Amino acid sequence: VRCFVRSLQEFALAFNININGSPHSIDVDGDTPLLWVLRDVLGMTGTKFGCGIAQCGACTVHIDGAATRSCVTTIDSIGKSAVTTIEAIGHTSAGQKIQQAWLDREVVQCGYCQSGQIMSASALLAANPRPTDADINDAMAGNICRCGTYPRIRDAIKQAAATGTKQGARR
Amino acid sequence: MIIDRLLTAMAMDGGPTNRKLSRRVLLKTGLASAGGLLLSMRMPMLAHAAGPSADFVPNAYIRIAPSGQITLTMPYVEMGQGTYTSIPMLIAEELEVELGQVALEHAPPDEKRYGNPLLGGVQATGGSTAIRAVWQPLREAGATARTMLVAAAAKRWNVDPASCRAEKGAVIHAASRRKLSYGALAEAAAAMPVPDKVALKRPQDFKLIGTPAKRLDTPAKVNGSAVFGIDARPAGVKIATLAQSPVFGGRLKSVDDSQAKAVRGVRQIVRLDDAVAVVADHMGAAKKGLAALIIAWDDGPHAALSTEDIARDYAAALENPGAVAESRGDVERALAAAVTRVNVQYQVPFLAHAALEPMNCTVHVRKDVCEIWVGNQVLGRAQATAADVTGLPLDKVIVHNHLIGGGFGRRLEIDGVTRAVQIAKQVDGPVKVVWTREEDIQHDMYRPFFSDTFAAGLDDKGLPIAWRHRFAGSSILARWLPPAFNNGVDPETIDGAVHLVYALPNFHVEYIRKEPPGIPTAFWRSVGPSHSVFVVESFIDELAAAAKRDPVAYRRALLDDAPRARAVLDLAVEKAGWGQPLPKGTGRGVSLQHVFGSYMAQVAEVEVANDGSVRVKRVVCAVDCGSVVNPNTIEAQVQGAVIFGISAALHGEITLKNGRVEQSNFDDYQVLRINEAPVIEVHIIGNNEAPGGMGEPGTSAIMPAIANAIFAATGKRLRKLPIDTAVLKQPG
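Residues numbered from 1 in each chain as written. Chains lettered and ligands numbered in written order. Predicted model: local features only at pLDDT ≥ 70, side-chain atom pairs only at ≥ 80, totals over all residues. Heavy atoms only, no water.

1. Concerning the sheet that holds strand S16 (residues 360-365) of chain B
Residues and elements named next belong to chain B. Strand order in the open sheet formed by seven strands is S11-S12-S9-S19-S16-S17-S18, and the pairing between neighbours is mixed. Each edge of the sheet is formed by a strand with only one pairing partner; in this case those strands are strand S11 (266-271) and strand S18 (397-401). Adjacent strand axes in the sheet meet at a mean angle of 20° when their direction is disregarded. Summarising the sheet, S11 and strand S12 (residues 275-280) pair through five bridges and their orientation is antiparallel. By the bridge assignment, Gln 268 is partnered in S12 with Val 279. Sheet strands in contact with helix H11 (residues 379-390) are S16, strand S17 (370-374) and S18, and its direction is about 145° off that of S18. Together, strand S9 (238-244), S11, S12, S16, S17 and strand S19 (431-434) form the strand contacts of helix H12 (residues 415-424), whose direction differs from that of S16 by roughly 40°. (Pairing = 2+ DSSP bridges. Helix = DSSP H or I, 4+ residues; strand = E, 2+ residues; numbered from the N terminus. Axes fitted to C-alpha atoms, helices over the stretch in contact; angles between N-to-C directions. Contact = heavy atoms within 4.5 Å.)

Next up, the structure:
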């Protein structure tokens, strides 16, 4: 009976969240950060742990398109919002351009921070197709790269923006 | 550093003029077990004693499969430096195949195969050594395989091998218009005799080496599919996080875990002598459980330690003589005869590595076998410590190595593996131990603290006739590679303080090995030069100022016998526009070094605001690293190394109070962000000298360039790092 009650409680506590277009039922405490749900519960390890206090940006995901630090976003705060992670960002127009620019510009070194960099950069590009240097600083200063790929990150964002303009002009 | 020199010496075994294939490099060829050609090689690894070894034990392999796929198995790890792209370039160049045809696999750890019994066994990637180590032998191996493939084709066609040529993975006999792919020839080639001599390509004939090759590991790193150590998920894995004694050398006294156990998802509390870990279903529960523990520590002997105590101790240590690192002429007599004397002290702090992937290690201890998933630079040692902790034989420890989310020297240590195995021994099933960022910073093994004292004497023209330098600091090598520490001298720690590029007739450098109480120290990007180049290049700038000379002209006057050093200095200065006017509060500083086998000069343009804050606006770097393998990687490594060095110069400092590290996360251990990153220009002088290391030099060179630029901008000489903005603040 105790077992039954417990499973009933857990059922009642489960959170239904939408990640990359798919529904997931998550059975953890409501104050659990989204980061650990993604990595440890769902096995989506593309989103990285770096600091746990929203200082480094390695854990950046999109919530309804906005770059968000998943290490300080509790699971009970998400509700019906759409979560997008690095695993699916290539399905968005901005994400695809950013990933391509990252490849073209050879941005990556160790690569550990790059999921978060790409998530921040694609949110920037989706909201602001022609970011200035100052816009890039504002959007990307929350993402640390210890290998020091910043010069190439800046170049790649500009390249991705230029791609967007050209395509837009063609249409 | 010594490791480099050992490696370089071995890589150059026989010297570049002797093309006879070294039997120590390549001994055997034969049939691969899955068919095709297998070349077994002995690549020089760290800590390989000089002199011929009796037994040939291969540690690297080239397989040419019947499908034509070429696989290179090597004991080097990729940690962001581009090794996995540059190394296949060497093979592909001589083998005459496209870069895309060569796949690089990481060799598994194997103490017998990779370790050296004399030196405790080191299988390591570090010290900007990989390319330098394999530059000669890998090209020889490629040329050997090509020669054998050509021989096999010539035999089959019954023609002279000299009438055949290799191109794009095939052998071609143009006269008869016949062509056979390497895959089709691989088995026949395996039966060919190993040639005694092979001709290596002339640099002007290189097709790949020296061209900007795309990195091979990039695609998986932009879509989240790359698997780092922290991403390992063996079936049924639990997640653990830990608290270690906040004071180094302290012990766990007691733990009240009643509240932690009540946290949903927490499975187990593991107690160790000096740490406690919470094992849970996910990291969120593990962290919550850890926070709910009530832990009492016995702080031990270092409970009152502070950075001020350490600084005082180190300054006092400089009162006594040290081991002589390099000495020539008569410094004391020259000092007595000098027209001007300059006496100053310098100090640099402990630094954390703060690789973005926090320390972690996944372990499954079973009765008869221990399995480990980790990203580490010293796999042989990782295996050995697991065997030691579990009591299992070495061959019952399986290490799955992973991509490394930043090394910078931190993952040349195995303390994290040891700790994780200690925890896993008490856990039923696999457990991933993940350090919080706070634990990672507060239980790092740090770049050592150093204290320096200099005395120089100048002649009537202001040129240095005496140079005396004494410094105290930890020796990492004495712990990490004890046989390399001889007569009190750590050849890696003194690197950058000795064998300077400048003509200094009376020169005397002493090193005092002084270990900080309880605080572990380790290699850190640019290693010994991270300290020594800062002090040496700041001090030479001070001498220029004392002589009232331009810092570039002053250095140039001392470079008559160092043409490569002079060339990088001239190039950096020219590209930077040295001497052109700058706005008020902005200055240019220069640095010059020859470390890790590469010559480098940097000019930093730095702005000092009225509030004392410092901004590095532009960095121009000229480098002569000998033969250029992949210019794309060189530019990336210099950019990254410069940014790493700016972080240290402007912000980097680990301090202690009451025995505890005061910094804990990126809010109080700050690293450079994109909005602070300068424009960085990299100019490469290409030549045919042996390749120099490129992972590290950019970090050591930038720190003095910044301090010298601040002096140029403000007239204030900063002899301590990080930069103290309070000193630079304008009154009013």
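2. Looking at the interface of chain A and chain B
Taken together, the 54 residues of chain A in the interface contact 63 residues of chain B. In total, chain A and chain B occlude about 4800 Å² of area from one another, counting both sides; carbon and sulfur atoms represent 55% of this. Between the two partners, chain A and chain B, sit seven salt bridges. The shortest N-O distance in the salt bridge between Lys 48 of chain A and Asp 231 of chain B comes to 2.5 Å. Inspection of the chain A/chain B interface yields 27 residue pairs in polar contact (both at pLDDT 80 or more). Breaking the side of chain A that touches chain B down by element, the ones donating at least two residues are helix H1 (2-13), helix H2 (34-41), helix H3 (93-104), helix H4 (114-127), helix H5 (133-140) and helix H6 (150-170) of chain A. When grouped by side-chain class, the residues that make up the side of chain A that touches chain B number 25 nonpolar, 16 polar and 13 charged. (Buried area = accessible area lost by both parts, 1.4 Å probe. Salt bridge = Lys/Arg side-chain N within 4 Å of Asp/Glu carboxyl O. Polar contact = N/O pair within 3.5 Å; in protein donor to acceptor, adjacent residues only side chain to side chain. Nonpolar A, V, L, I, M, F, W, Y, C, P; charged D, E, K, R; others polar.)

3. Quick word on the packing of aromatic side chains
Residue and element names in this part refer to chain B. This model, assessed by the stated rule, comprises 17 aromatic pairs over all chains. Look at Trp 480 and Phe 523: their rings are 5.2 Å apart centre to centre, the planes differ by 75°, and that puts the pair in the edge-to-face class. Of the two residues, Trp 480 is situated in helix H14 (residues 476-480) and Phe 523 in the loop between strand S22 (507-513) and helix H15 (529-546); the sequence distance between them amounts to 43 residues. By the burial criterion, Trp 480 is buried, and Phe 523 matches it. (Phe/Tyr/Trp six-rings, centres within 6.5 Å; stacked < 30°, edge-to-face > 60°. Buried < 20%, exposed > 50% of the residue type's maximum accessible area, 1.4 Å probe, protein only.)

4. Here's the deal with the pairing of S18 of chain B
All names here are of chain B. With five bridges connecting them, S17 and S18 associate as parallel partners. By the bridge assignment for S18, Ile 372 is matched with Val 399. Chirality of the crossover, the property in question, places the unit of S17, H11 and S18 among those that are right-handed. (Right-handed = clockwise from strand over helix to strand, strands pointing away.)

5. A word on the side chain of Arg 470 of chain B
All names here are of chain B. Structurally, Arg 470 is set in strand S21 (residues 464-473). At a separation of 3.4 Å, a polar atom in the side chain of Arg 470 contacts the main-chain carbonyl oxygen of Asn 320. Contact partners of Arg 470, with chain neighbours within four places excluded, come to Leu 318, Glu 319, Asn 320, Pro 321, Gly 322, Ser 451, Asp 452, Thr 453, Glu 510 and Ile 512.

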